[in-house]
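Chains, contacts and geometry: an overview
So you can see what is in the structure, the chains are spelled out below.
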Amino acid sequence: MYQDETLVCEDCGAEFVFTAGEQEFYAEKGLVNKPKRCPACRKTRRQNNRRRGPRKMYDAVCSKCGAQTQVPFKPIEGKEVYCKDCFMAMHAQATVE
């Protein structure tokens, strides 16, 4: 059903093979886009992403319980912000409904 396909890496321009096995794996996971980077560039990109360090956190007040909390995005005035506990409780309730 699947056949090996030669693709060109978006980063380094090298050709690489998108194997039939990889295509089958992508299909099983519901992935529809072909890889844009060769295995070496994907590995380098993952390693560089890990080196970024911790995310910048911003102080906020939970809109539901009023607790002081920190969030990984800059809060916008007028938009609700929730602490982790309230967010998780709301998420759990939404998945039950």
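So, here's what we can say about the structure.

For the rest of this paragraph, the subject is the overall build of the protein. In terms of helices and strands, the protein carries three helices and four strands. Along the protein, helices and strands appear, N-terminal first, in the series β-β-α-α-β-β-α. In terms of principal-axis extent, the alpha carbons of the protein reach across some 55 × 35 × 20 Å. Expressed as a percentage of its 97 residues, the buried residues of the protein come to 18%. As presented, the protein carries roughly 8,100 Å² of accessible surface, and 51% of it is formed by carbon and sulfur atoms. Looking at charge distribution, the protein has the averaged site of its 17 positive side-chain charges lying 7 Å from that of its 13 negative ones.

Let's shift gears to the environment of Tyr-58. Tracing the backbone through its elements, the reader meets Tyr-58 in strand 3 (residues 58-61). Considering only alpha carbons, one finds Tyr-58 and Val-71, 13 residues apart in sequence, at a separation of 5.3 Å. The contact partners of Tyr-58, leaving out residues within four places of it in the chain, are Thr-69, Gln-70, Val-71, Pro-72, Phe-73, Lys-74 and Pro-75.

What counts and how
Residues numbered from 1 in each chain as written. Predicted model: local features only at pLDDT ≥ 70, side-chain atom pairs only at ≥ 80, totals over all residues. Heavy atoms only, no water. Helix = DSSP H or I, 4+ residues; strand = E, 2+ residues; numbered from the N terminus. Buried < 20%, exposed > 50% of the residue type's maximum accessible area, 1.4 Å probe, protein only. Areas by Shrake-Rupley, 256 points an atom, 1.4 Å probe, with all protein chains shown as cover. Lys, Arg positive; Asp, Glu negative; His and termini not counted. Charge placed at Lys NZ, Arg CZ, Asp CG, Glu CD. Contact = heavy atoms within 4.5 Å.

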